[in-house]
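Spelled out, the chains give:
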Amino acid sequence: MSEAATPVAWLKRDLLVFANSIGIEKDELHFLYELHPEFAAFPTYPIILLFKHTELEVIDFYVQATRFQPVIPGVPKLDPRRIVDGQRQITVLKNIPTTSAGREFELRGKVIGVYDKGKSGTVTEIQHELVEKTTGEVYTKIVSSSFAVGQGNWGGPKGPKGVSYPPPAGKKPDATFTFSTSPSQALLYRINGDYNPLHADPAIGPKMGFPGAILHGLCTWNIAAHGVLKTFGGSDPARLKSFQARFASPVMPGDKLIVDMWLTGQKEADGSEEVVFVTRVEGGKVVLSNGRALLSGIQAGGGASKL
């Protein structure tokens, strides 16, 4: 399908807000202090550019979602008010600079699959590449899978069965990371540019079967990414090569997140090593499944920031 390009931009301030919103604290000051000699963007930050684009002001989420919703031949128009995240994957080819100022970047996106899941809804998969426009250099690749609730049965293909990355059977986690979200976690995270009212207005969630305003799935996703990088990557942004997870259940602001991680021993051609993980809330409910990360320079014992 045809490719669409959307300009994107960010400032150092955006990186500081993002790091704070996913629970990074002063022991990882290089993500939080712009004058730190190793100041850097947290490596999954580009995921927020799918929502922020070049905006500096609060935007109407639904208007923007409708504006940038791809028109797909043979597929009915989907209601953005009833679309939720399914799965996200980011591949980091090169870490982004701490600001885009003075340079031009864009997200080049294309639909790579649309699948009719019957009465339950429709799955849409879109790939985006973050590209520096003048050089053509690709910094990250993002694959997003969304689910349009109750918007299926239009006669489309059912789609292939996805690849699963379950934890090793019978093996205890090699490491566990915990983070207690605050009751205002979603209200902080949305300042990054993800202004979906579902995460702020308590009246919207019950209409979709949720108990109230839920935490952004990508907030949980990024908190898990932070846990993996801090535990097995020494908080070094250059070590994270890939990160993905499927959204299994909603998280309520104030929930305690538990990220269980396993080293599988599997290595890629570039030498990066696989970590699989499951994220749950205290009490047992799994909220992120199919979790997989690739990191370089893993130390079996994990470790604190090396920066």
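Definitions and limits used
Residues numbered from 1 in each chain as written. Predicted model: local features only at pLDDT ≥ 70, side-chain atom pairs only at ≥ 80, totals over all residues. Heavy atoms only, no water. Helix = DSSP H or I, 4+ residues; strand = E, 2+ residues; numbered from the N terminus. Contact = heavy atoms within 4.5 Å. Phe/Tyr/Trp six-rings, centres within 6.5 Å; stacked < 30°, edge-to-face > 60°. Buried < 20%, exposed > 50% of the residue type's maximum accessible area, 1.4 Å probe, protein only. Pairing = 2+ DSSP bridges. Axes fitted to C-alpha atoms, helices over the stretch in contact; angles between N-to-C directions.

Draft legend 1. Expanded view of unusual backbone geometry. We note that histidine 53 has phi near 55°; this positive angle belongs to a residue other than glycine. Within the secondary structure, histidine 53 sits in the loop between helix H2 (49-52) and helix H3 (61-67). One non-glycine residue, serine 235, lies in positive phi territory at about 60°. Within the secondary structure, serine 235 is located in the loop between helix H5 (217-232) and strand S7 (240-247).

Draft legend 2. Geometry of the environment of proline 167. The topology assignment puts proline 167 in the loop between strand S5 (138-149) and strand S6 (175-180). Sequence spacing of proline 167 and lysine 77 is 90 residues, and the spatial spacing of their C-alpha atoms is 37 Å. What proline 167 contacts, discounting residues up to four positions off in sequence, is Trp262, Val276 and Val278.

Draft legend 3. How the structure looks around the packing of aromatic side chains. Counting across every chain of the model gives seven aromatic pairs. Plain terms: the ring middles of phenylalanine 18 and tyrosine 45 are 5.3 Å apart, the flat faces sit at 85° to each other, and that makes the pair edge-to-face. Of this pair, phenylalanine 18 sits in helix H1 (residues 12-21) while tyrosine 45 sits in the loop between H1 and H2, placing them 27 residues apart in sequence. For the pair formed by phenylalanine 18 and tyrosine 45, the shared burial category is buried.

Draft legend 4. Looking closely at the sheet that holds strand S2 (residues 83-92). Taken in spatial order, the 10 strands line up as S1-S3-S4-S5-S2-S7-S10-S9-S8-S6 in an open sheet, and their pairing is antiparallel. The open sheet has two free edges, formed respectively by strand S1 (4-8) and S6, since each of these has just one partner strand. Adjacent strand axes in the sheet meet at a mean angle of 20° when their direction is disregarded. As paired elements, strand S9 (residues 273-281) and strand S10 (residues 286-295) share seven bridges and run antiparallel to each other. Its bridge partner being in S10, threonine 279 is matched across the sheet by leucine 288. Seen against the sheet, H5 touches S2, S6, S7, strand S8 (256-267), S9 and S10 and runs at an angle of roughly 140° to S7.

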